[in-house]
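Architecture at a glance
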Amino acid sequence: MSFPNLFSSFQLRDLTVKNRIAMAPMTRGRSGVERIPNELMAEYYRQRSDAGLIITEATVVSEQGIGWNETPGIYTDEMRDGWKLITDAIHEVDGKVFLQLWHCGRASHSTFHNGERAVSASANAIDEEYIHTPEGKLPHEVPRALETDEIPMIVDDYADATRRAAEAGFDGVEIHAANGYLINQFLESKTNQRDDRYGGSIENRYRFLGEIVDATTSVWSPERVAVRLSPNGVFNGMGSPEYRELYTYAAQQLDRYGLAYLHVMDGLAFGFHELGSPMTLEEFRNIFRGPLMGNCGYDAETAEAQIESGNADLIAIGRPFLSNPDYVERIKNGWPLAEPADQTVWSSPTGAEGYTDFPAYQPVGV
């Protein structure tokens, strides 16, 4: 099957991407305890640079934002310089790459923070069994609600991270406001029971994200800043009854900036809260006038259909890229995909094994 739309180039604001396939952000945990990106990571991303756009694994904007073992950061100059290895490797093979900015919020544990509780919009715990910590699997803890006067400092962390990302040679940044992490915890009523200007109404709950977008777009052009949302998701205990009104409002507000793109996790592969019908790319297309990216459970056929219909400009593909570093070439040439990667390598810090050792396809006779 041919995919004429999927393999057409696209003008992503002031950047030209060579196809409509984005490599979705996927946490891999190869940065070591210092959380400094390294040569091994550079090789991993270089191998996958045939994607029109790479979105890096989620990258913490501060020590407070940490919530996974050995994931990278962007809050020191050493981390910035480590990322420069990766952007150089991607650009050498004509790739484009955005850095995803992350604060885990309550999706963390005191073992990451010298015994101090993780923070969130409000003091309610994730209603799931356990979290992976430096000390192994442990029960989720009740986080500490952020004080109102602490919030501007976190907004500043996002601005500083954006500045370092630009210095590291990235083509842009993506603000991770999805999947139950801190910004998402402020957005949804399930996790935000605040009574200050960041809580209550949808407008107040959106305020934190809006201030982060204001801060990051003051550091870098809005054309180099994107946002990711998950309106249908349950990951990290999310799902609120006003989801359609909330995410419609958020998209309307974000549309005013002229962002690089809006990344919507419209697929249901991570689970669905079942509080109504799923929000679709078509809905967001009617709200958001800029470039639109879909994600979650797509394959080449369904991606092609969304782009052909005009509902999306790009589609992010995730797990197939793990065991198929040449995913784009395999789809373009009709070559078979490798077997899915074993889930034990998903984010285990095991070096090259299960990370950079997946071979590219070799056609017969070559």
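Check the entry above for the structure.
Anyway, here's the lowdown on the structure attached to this text. (Residues numbered from 1 in each chain as written. Predicted model: local features only at pLDDT ≥ 70, side-chain atom pairs only at ≥ 80, totals over all residues. Heavy atoms only, no water.)

Before going further, it helps to examine helix H1 (residues 39-47). If you check which residues of H1 are buried, you get Met41, Ala42, Tyr44, Tyr45 and Gln47. Its buried side turned inward, H1 meets strand S3 (21-23), strand S4 (53-55), helix H2 (77-92) and helix H9 (320-323). Sitting at the head of H1, asparagine 38 places a side-chain oxygen 3.2 Å from the backbone nitrogen of leucine 40. (Buried < 20%, exposed > 50% of the residue type's maximum accessible area, 1.4 Å probe, protein only. Helix = DSSP H or I, 4+ residues; strand = E, 2+ residues; numbered from the N terminus. Contact = heavy atoms within 4.5 Å. Polar contact = N/O pair within 3.5 Å; in protein donor to acceptor, adjacent residues only side chain to side chain.)

Following both chains from N to C, one finds H1 and H2 inclined at 25°, their axes separated by 8 Å at the closest point. Relative to H2, the element H1 is oriented roughly parallel. Crossing geometry of H1 relative to H2 is assigned as right-handed. On H2, the residues touching Glu39, Met41, Ala42, Tyr45 and Arg46 of H1 are Trp83, Leu85, Ile86, Ala89 and Ile90. Among the residues forming the contact of H1 with H2, the class breakdown is 8 nonpolar, no polar and 2 charged. (Axes fitted to C-alpha atoms, helices over the stretch in contact; angles between N-to-C directions. Parallel < 35°, antiparallel > 145°, perpendicular 65-115°, else oblique. Left-handed = near helix turned anticlockwise from the far one by under 90°. Nonpolar A, V, L, I, M, F, W, Y, C, P; charged D, E, K, R; others polar.)

Burial runs high along strand S6 (residues 97-102): 6 of the 6 residues are buried. Burial along S6 is two-sided: Val97, Leu99 and Leu101 and Phe98, Gln100 and Trp102, pointing in opposite directions, are all buried. Note: S4 against S6, 2 bridges, orientation parallel. By the bridge assignment for S6, isoleucine 54 is matched with valine 97. Sheet topology places strand S5 (residues 59-60) next to S6; 2 bridges connect them, and they run parallel. Residue pairing in the sheet places threonine 59 in a bridge with leucine 101 of S6. For S6 and strand S11 (residues 172-176), the ladder comprises 4 bridges, and the chain directions are parallel. Within S11, the residue paired with phenylalanine 98 across the bridge is glycine 172. (Pairing = 2+ DSSP bridges.)

Time to look at the packing of aromatic side chains. Scanning the entire structure with this criterion turns up 14 aromatic pairs. Each ring, one from phenylalanine 186 and one from tyrosine 198, has its centre 6.3 Å from the other, and the planes form 80°; the classification is edge-to-face. With a gap of 12 residues between them, phenylalanine 186 in helix H4 (residues 182-187) and tyrosine 198 in the loop between H4 and helix H5 (202-219) connect regions that are remote in the sequence. With relative accessibility at 0%, the residue phenylalanine 186 sits in the buried group. Among the aromatic residues, those joined into a ring-pair cluster are Trp68, Trp102, Tyr181, Phe235 and Phe270. (Phe/Tyr/Trp six-rings, centres within 6.5 Å; stacked < 30°, edge-to-face > 60°.)

Quick look at empty space enclosed by the protein now. Per the counting criterion, the structure on display carries 1 cavity of 30 Å³ or more. Taken as a whole, the largest cavity encloses approximately 60 Å³ of empty space. Taken together, Asn179, Ser230, Asn232, Gly233, Val234, Phe235, Met265, Gly267, Phe270, Gly271 and Cys296 make up the lining of the largest cavity. The residue inventory of the lining of the largest cavity, partitioned by class, reads 5 nonpolar, 6 polar and no charged. (1 Å grid on protein atoms, 1.4 Å probe; cavity = no way out; pocket = protein on both sides within 12 Å on 5 of 7 lines; lining within 4 Å. Points joined across faces, edges and corners; volume = space filled by probe spheres on them.)

In this section: helix H6 (residues 243-254). Compared with an ideal rise of 1.5 Å per residue, which puts 12 residues at 16 Å, H6 spans 16 Å between its outermost C-alpha atoms and is within 8% of the ideal. The complete set of buried residues in H6 reads Tyr243, Leu246, Tyr247, Tyr249, Ala250, Ala251, Gln253 and Leu254. Looking at the buried positions of H6, the neighbouring elements they touch are H4, H5, strand S12 (225-229), strand S13 (262-264) and helix H7 (281-285). (Expected span 1.5 Å × (residues − 1).)

Relative to the helices and strands, aspartate 171 resides in the loop between helix H3 (151-167) and S11. Here aspartate 171 is buried and forms no salt bridge, its nearest opposite-charge partner arginine 224 lying at an N-O distance of 4.6 Å. Only 2.9 Å separates the side chain of aspartate 171 from the side chain of histidine 91, close enough to count as a polar contact. Here aspartate 171 is in contact with Leu15, His91, Gly95, Lys96, Val97, Phe98, Trp220 and Arg224, once residues within four sequence places are set aside. (Lys, Arg positive; Asp, Glu negative; His and termini not counted. Salt bridge = Lys/Arg side-chain N within 4 Å of Asp/Glu carboxyl O.)

Counting residues in each nonpolar core, the largest one holds 82 residues, and the members touching the most others are Phe208, Leu209, Val227, Leu229, Leu254 and Leu262. In this structure, Phe10, Ile55, Tyr261 and Ala316 belong to the second largest nonpolar core, which totals 15 residues. (Core = buried A, V, L, I, M, F, W, Y, C linked by side-chain atoms within 4.5 Å.)

This brings us to unusual backbone geometry. A positive phi angle is found at aspartate 94, which is not glycine, with a value near 65°. Tracing the backbone shows aspartate 94 in the loop between H2 and S6. Here asparagine 114, not a glycine, exhibits a phi torsion of approximately 55°, which is positive. Relative to the assigned elements, asparagine 114 resides in the loop between S6 and strand S7 (119-120). Accessibility expressed as a relative area gives 78% for asparagine 114, which makes it exposed.

This part covers the pattern of salt bridges. Using the criterion set out here, one finds 18 salt bridges in the structure. For the salt bridge of arginine 144 with glutamate 150, the shortest nitrogen-to-oxygen distance reads 2.9 Å. Judged by relative accessible area, arginine 144 falls into the partly exposed class, the value being 28%. Bridged by salt links that share partners, the residues Asp77, Arg80, Asp81, Arg163, Arg164 and Glu167 form one connected network.

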